[in-house]
Amino acid sequence: MADFDIASYVAHIEANRAAKDALMQKLRARRPPHRITVTDLTNLKQAYFRRKYPEITPPLEKQQLMWAGTGFHKVFGAAVSSEEYLEQFVEIEGIVGKIDIYEEIPIEVKTTSTTVSPKGLLKYRQTYIEQLGMYCAMVNISQGKIIIYQRQDQEAPQAPLSAYHVTFPNLEAIRDEMRRRRDLLIHALISNDPSNLPVCSWLDRGCDYSEVCDCRTASVPLSYEIAELAGQIQFDDVTCQQLLSKVAVPQPSSRFRMNDAVFPRKAYFERLKSAETTLDEEESLQKKQDYLRAMDEFGFLDALRESLQYGAPGEVRSIPVQCASLSDLVRVHQGLPTILRAPKFQSLVERQRLAWAFPHYFLRLGFECALTERPKGRLLLYYAKVDKEDTKLMVYDVSFGSLNALKSEALRRVELLETASSPFDLPKCPAWMCRNCEYRLECGEA
Ligand code: SF4
């Protein structure tokens, strides 16, 4: 099957500096919190400087880690629980917090790239325990759970999820410590003097406030009184298994989505597989691990999108598209169909090479433009692995040559998907996808 050469339909690519600057500003902007949060109480020094120096913002490299974490826990929470239990706001005595999942007991969801053992949790992740302890004290429940998603290392694969059950036998002592920390912070803020706040664990580890902080001369040592108030910390395999059993890999819908037109061969296999009888245990676990990885990537993009706030009221609309058996929503920003992607490249791709380096992004944007009858679309590329801050985000306005031809190609692919009796009837995916694709054997790509 001859490849559809999307590059030949790209008429013009313009790097939109004005849009990029506006989005970068949103990305970097940070409002100092108005209220004292549980997170503040895990690091009083940073809580103080966050308020006193709102103009100091963390580098994007650090924000990326936060987006990855918050993005994952949202998507994961939605997969294993339901809306009424997610991100539950709690408050006591002027301290506020948000519990990731709170059905019967508080559950905190964390992500990490380094291995955490049960012993390591108390030694190296005291703030996880402190946070959970405070939530437990706030809702007066003497136990909670910490769920950790371990990003997979290709060299040394391990269980993707681990769960810990933690008890807090003395909630009143935790509340006392919370009050003490809250009062210390308020007093420091009023007196403009942070010297009575304990030094923080970020000293010498790339703290954002190292230029203004007094940690080097401060005399109050770092301590974790709340973590020390934890009772039993137990690895909880039952919860892990229960959570994994709740992670239901989504089944392809009966309608075709825009993505199916971009990757029709993959869509063909996914439909075929979902129609087959049950998977064996190993296949099912592998599917779930792949899905957790997808949640991690999707969560990152979602949190990034939220930080970019290109969803400000009036600026963004979602337009429904329905054509033959293809239906989807197209996100339109300032009148242009807009997609956000985070390529894993270590360096920026030159404008002239973009359509060859990322044909799938251009196919997607081209199909969105053609199906909404707009000759121009916007591609936002966020290069997480590029070091230079100013080049991490690139904004391109892309004009397409023949919308009719693009629309016909999208519909041809969907029609092929409906009638194909072999994967070889369908266009291939980009070559880089084949390496890790579960269908590569059937696809002749092994
Ligand atoms: S092996 Fe490659 S072409 Fe085949 S379905 Fe997987 S990604 Fe697509």
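Parameters and conventions
Residues numbered from 1 in each chain as written. Predicted model: local features only at pLDDT ≥ 70, side-chain atom pairs only at ≥ 80, totals over all residues. Domains from an automatic or database assignment. Pairing = 2+ DSSP bridges. Helix = DSSP H or I, 4+ residues; strand = E, 2+ residues; numbered from the N terminus. Axes fitted to C-alpha atoms, helices over the stretch in contact; angles between N-to-C directions. Contact = placed C-beta atoms within 7 Å. Core = buried A, V, L, I, M, F, W, Y, C linked by C-beta atoms within 7 Å. Buried ≥ 20, exposed ≤ 12 C-beta atoms within 10 Å, placed from the backbone. Near = placed C-beta within 6 Å. Left-handed = near helix turned anticlockwise from the far one by under 90°. Nonpolar A, V, L, I, M, F, W, Y, C, P; charged D, E, K, R; others polar.

A.B. asks: Help me get a handle on the domain arrangement of the protein chain, residues and values and all.
C.D. replies: Each assigned domain of the protein chain is listed here: domain 1 (6–23 + 251–277 + 310–434) and domain 2 (31–246). Averaged C-alpha coordinates put domain 1 and domain 2 at centres separated by 37 Å.

A.B. asks: Describe the sheet that holds strand β1 (residues 10–15), listing the residues and the values that go with them.
C.D. replies: Spatial strand order, β1-β13-β12-β11-β10-β9: 6 strands in an open sheet with mixed pairing. Strands with a single pairing partner mark the edges of an open sheet, and in this sheet they are β1 and β9 (316–323). In this sheet, adjacent strand axes meet at a mean angle of 35 degrees when their direction is disregarded. Relative to strand β11 (residues 336–341), strand β10 (residues 326–333) is paired through 2 bridges, and the arrangement is antiparallel. Among the inter-strand pairings, His333 is bridged to a residue of β11, identified as Leu336. Lying over the sheet, helix α14 (residues 359–372) contacts β1, β9, β10, β11, β12 (376–382) and β13 (393–400), oriented at roughly 160 degrees with respect to β11.

A.B. asks: Could you give an account of the nonpolar core, naming the residues involved and the relevant values?
C.D. replies: Grouped together as the largest cluster of nonpolar side chains are 100 residues, with contacts concentrated most on Met134, Ile147, Ala261, Phe362, Phe367 and Ala410. When residues of this core are assigned to domains, at least three map to each of domain 1 (6–23 + 251–277 + 310–434) and domain 2 (31–246). Those residues in contact with Phe367 that sit more than four places away from it in its chain are Met258, Ala261, Val262, Leu406 and Ala410.

A.B. asks: Requested: an account of the site of the ligand, with residues and values cited.
C.D. replies: Neighbouring residues of the ligand: Arg265, Lys266, Phe269, Lys428, Cys429, Met433, Cys434, Cys437, Tyr439, Arg440, Cys443 and Glu445. The set of elements that each furnish at least two residues to the shell around the ligand consists of α11 (264–275) and α16 (431–434). The leading source of residues in the shell around the ligand is α11, at 3 residues.

A.B. asks: Go over the packing of helix α3 (residues 44–52) against helix α7 (residues 171–191), please, and point to the residues and values.
C.D. replies: In a packed pair of helices, the relevant descriptors are the angle between the two axes and the axis-to-axis distance. Running from amino to carboxyl end, α3 crosses α7 at an angle of 35 degrees, the nearest separation of the two axes being 10 Å. Read as a crossing pair, α3 and α7 show a hand that is right-handed. Residues Leu44, Ala47, Tyr48 and Arg51 of α3 lie in contact with α7, whose contacting residues are Arg181, Leu184, Leu185, Ala188 and Leu189. Classifying every residue of the contact of α3 with α7 by side-chain character gives 7 nonpolar, no polar and 2 charged.

A.B. asks: An account of the environment of Leu304 is requested, with residue identities and associated values reported.
C.D. replies: Mapped onto the secondary structure, Leu304 falls in helix α12 (residues 281–308). In the structure, Leu304 is positioned 234 residues away from Thr70 in sequence and 9.9 Å away in space, judged by C-alpha atoms. If we ignore the near neighbours within four places in the chain, the residues touching Leu304 are Trp67, Leu340, Ala342 and Tyr382.

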